Amino acid sequence: MSNHTARLFNFSAGPAVLPLPVLEQAQRDLLALPGVGMSVLEISHRSKPFEEICFAAEEDFARLAGLPAGYKVLFLQGGATLQFSMVPMNLLPAGGQADYVDTGVWSAKAIQEARKVGQVNVIASSKGTNHDRVPAAAGIRPTAAPAYVHMTSNNTIFGTQFHFVPEVAPEIPLVNDASSDIFCRPVDFSKFALVYAGGQKNLSIAGITVVVVREDLLERAPQEIPVYLRYATHAKERSLYNTPPVFGIYILHLVLRHLLAEGGLAAAGARNERKAGKLYAAIDGSGGFYRGHAQPDSRSWMNVTFRLPSEELEKRFVSEATAQGLDGLKGHRSVGGIRASIYNAFPEAGVDALVGFMSDFQRRAG
Ligand SMILES: *Cc1c(COP(=O)(O)O)cnc(C)c1O
């Protein structure tokens, strides 16, 4: 018996909504993987069935991404947060400098961790306008010879997103925290030396972090860093150096197959642009009742942030929306207001429901 009708529209910023067919398959396979007789949670990560899942996830990731040769895809633990430390530990040599673009709370945390390893230059920042935009392309100018440039392509909390890849000289590695917008549309991975993403927003579940790293960076890490924290350790063992996040890898594999079946990243991009467009149109068409936080050219396709005329109305908006099955709309405390997170797996019908609710709420309260 199906009870899908009991599922709410889940606007959570993360952990976030997963595709329904993925949940259904995980549910079917939970007691016994077909042909295996045990679940993915109970078998050795050295077993053939698990290796097949893990390597298929790696290959499907590369296929979906259109990943050029010369990159490794790694399945790690520790969230995007551990990457804030692993990136500088591996790539920032003693006495070196790294350039960071500061576009919000997550970039600030990345900067804070990198400062423990070496010198950080904040080469562009949107702090002065409470991160309501990403810096213009012309405003991002790397220093003379940084070890790398670090950016955050989508700012989950503020609802801003880069709609361009910053220009850096080809010899400077560009590193991207893509936790909240990876695979939201086609992306040219050849422009990046390293991309990382925590799993629980657009890829899989909490507990898996995907890192895509160009092979020539692998040997840069100093010898004395802990073995788990070296990218080279995981690249050499195809993510099976130690027990990997097995359930996260399994769910990732299902999500990737689902995305491929739905037409790949071009189709995902078209769906996401349309979904976000409907919400921004509702904001812009409200005569100022709803006010978007992000400047139009920096608006995120994944996290739509907006305010109402008063905090009291915002509270009412959230509680009435919740009562109508629109869950998780309360904004982050650093922006306030409303945040609608509409990742890849968020259904368009949920966007339509929110647009309808916004118009109805304004009519009653405006
Ligand atoms: C959620 C998020 C993080 C933190 O991820 P964890 O997996 O909780 O460590 C980092 N960066 C961005 C852009 C995020 O959205």
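Residues numbered from 1 in each chain as written. Predicted model: local features only at pLDDT ≥ 70, side-chain atom pairs only at ≥ 80, totals over all residues. Heavy atoms only, no water.

**Topic: the nonpolar core**
Core analysis: the largest hydrophobic core is formed by 52 residues, its most contacted members being Phe 61, Phe 75, Phe 183 and Val 210. With residues up to four places along the chain from it excluded, the contact list for Val 210 reads Phe 61, Val 73, Leu 74, Phe 75, Val 195, Tyr 196, Ala 197, Leu 203 and Leu 252. Ala 282, Ala 340, Tyr 343 and Met 358 belong to the second-largest nonpolar core, a separate cluster that totals 33 residues. (Core = buried A, V, L, I, M, F, W, Y, C linked by side-chain atoms within 4.5 Å. Buried < 20%, exposed > 50% of the residue type's maximum accessible area, 1.4 Å probe, protein only. Contact = heavy atoms within 4.5 Å.)

**A short note on the sheet that holds strand β10 (residues 209–214)**
Here we have seven strands laid out as an open sheet, ordered β2-β10-β9-β8-β5-β3-β4, and mixed in their pairing. Here the strands that pair on one side only, and so sit at the sheet edges, are β2 (71–76) and β4 (119–125). When strand polarity is set aside, the average angle formed by the axes of neighbouring strands in this sheet is 20°. Two strands pair when backbone bridges link them, and strand β5 (residues 149–152) and strand β8 (residues 174–177) are joined in this way by four bridges, in the parallel orientation. Pairing of Thr 152 across the sheet is with Asp 177, part of β8. Each of β2, β3 (97–102), β8, β9 (194–198) and β10 touches helix α3 (residues 79–91); the most contacted strand, β9, lies at about 155° to it. (Pairing = 2+ DSSP bridges. Helix = DSSP H or I, 4+ residues; strand = E, 2+ residues; numbered from the N terminus. Axes fitted to C-alpha atoms, helices over the stretch in contact; angles between N-to-C directions.)

**A look at the environment of Phe 55**
With respect to the secondary-structure elements, Phe 55 resides in helix α2 (residues 48–65). For Phe 55 and Ala 144, which are 89 residues apart along the polypeptide, the C-alpha to C-alpha distance reads 39 Å. Leave out the neighbours within four places in its chain, and Phe 55 touches Arg 238 and Leu 240.

**Some remarks on the site of the ligand**
By nearness alone, 13 residues border the ligand, and Thr 81, Thr 156, Asp 177, Gln 200 and Lys 201 come closest of all. The separation between an oxygen atom of the ligand and a polar side-chain atom of Gln 200 is 2.9 Å. Lys 201 is positioned such that a nitrogen or oxygen atom in its side chain is 2.7 Å from an oxygen atom of the ligand. Surface burial for the ligand is 88%, taken as the share of its 390 Å² of free accessible area covered by protein chains. Here the shell around the ligand takes four residues from α3, the largest share from any one element. Tallied by class, residues from the shell around the ligand come to three nonpolar, eight polar and two charged. (Near = heavy atom within 4 Å. Polar contact = N/O pair within 3.5 Å; in protein donor to acceptor, adjacent residues only side chain to side chain. Areas by Shrake-Rupley, 256 points an atom, 1.4 Å probe, with all protein chains shown as cover. Nonpolar A, V, L, I, M, F, W, Y, C, P; charged D, E, K, R; others polar.)

**Remarks on the domain arrangement of the protein**
Partitioning the protein into structural domains gives domain 1 (24–261) and domain 2 (264–365). Taking the mean C-alpha position of each, domain 1 and domain 2 sit 27 Å from one another. At the interface, 27 residues of domain 1 touch 25 residues of domain 2. Of the roughly 2,100 Å² buried between domain 1 and domain 2, counting both surfaces, carbon and sulfur atoms make up 54%. The tally of links between domain 1 and domain 2 comes to zero salt bridges. Contributing elements (two or more residues each) for the side of domain 1 that touches domain 2: α2, β7 (160–161) and α6 (246–261). Partitioned by chemical class, the residues of the side of domain 1 that touches domain 2 number twelve nonpolar, ten polar and five charged. (Domains from an automatic or database assignment. Buried area = accessible area lost by both parts, 1.4 Å probe. Salt bridge = Lys/Arg side-chain N within 4 Å of Asp/Glu carboxyl O.)

**Points about the side chain of Ser 107**
Topologically, Ser 107 is positioned in helix α4 (residues 105–114). For Ser 107, a relative accessible area of 0% corresponds to the buried category. Here Thr 103 takes part through its backbone nitrogen, which lies 3.0 Å from a polar atom of the side chain of Ser 107.

**Digging into the packing of α3 against α4**
Contact geometry of α3 with α4 gives a least axis separation of 8 Å together with a crossing angle of 40°. Between α3 and α4, the interaxial angle falls into the category oblique. Helix-helix and strand crossings are classified by hand; for α3 and α4 the assignment is right-handed. Across from Phe 84, Ser 85 and Pro 88 in α3, the residues of α4 making contact are Trp 106, Lys 109, Ala 110, Glu 113 and Ala 114. (Parallel < 35°, antiparallel > 145°, perpendicular 65-115°, else oblique. Left-handed = near helix turned anticlockwise from the far one by under 90°.)

**Let's talk about the packing of aromatic side chains**
As enumerated under the stated definition, the model contains 17 aromatic pairs in all. Here Phe 84 and Trp 106 contribute two aromatic rings whose centre-to-centre distance is 6.4 Å and whose plane-to-plane angle is 40°, an arrangement assigned as tilted. With Phe 84 in helix α3 and Trp 106 in helix α4, this residue pair connects regions lying 22 residues apart in the sequence. A relative accessible area of 3% places Phe 84 in the buried class. Aromatic ring contacts, followed pair by pair, group Phe 289, Tyr 290, Phe 306, Phe 317, Phe 357 and Phe 361 into a single cluster. Taking NZ or CZ as reference, Arg 185 lies 4.6 Å from the ring centre of Trp 301, over its face. (Phe/Tyr/Trp six-rings, centres within 6.5 Å; stacked < 30°, edge-to-face > 60°. Lys NZ or Arg CZ within 6 Å of the ring centre and 35° of its normal.)

**Remarks on the sheet that holds strand β14 (residues 338–341)**
Read across the open sheet, the three strands follow the order β11-β12-β14; overall the sheet is antiparallel. With partners counted over all chains shown, the strands left at the sheet margins are β11 (291–292) and β14, one partner each. Relative to β14, strand β12 (residues 303–307) is paired through four bridges, and the arrangement is antiparallel. By the bridge assignment, Thr 305 is partnered in β14 with Arg 339.

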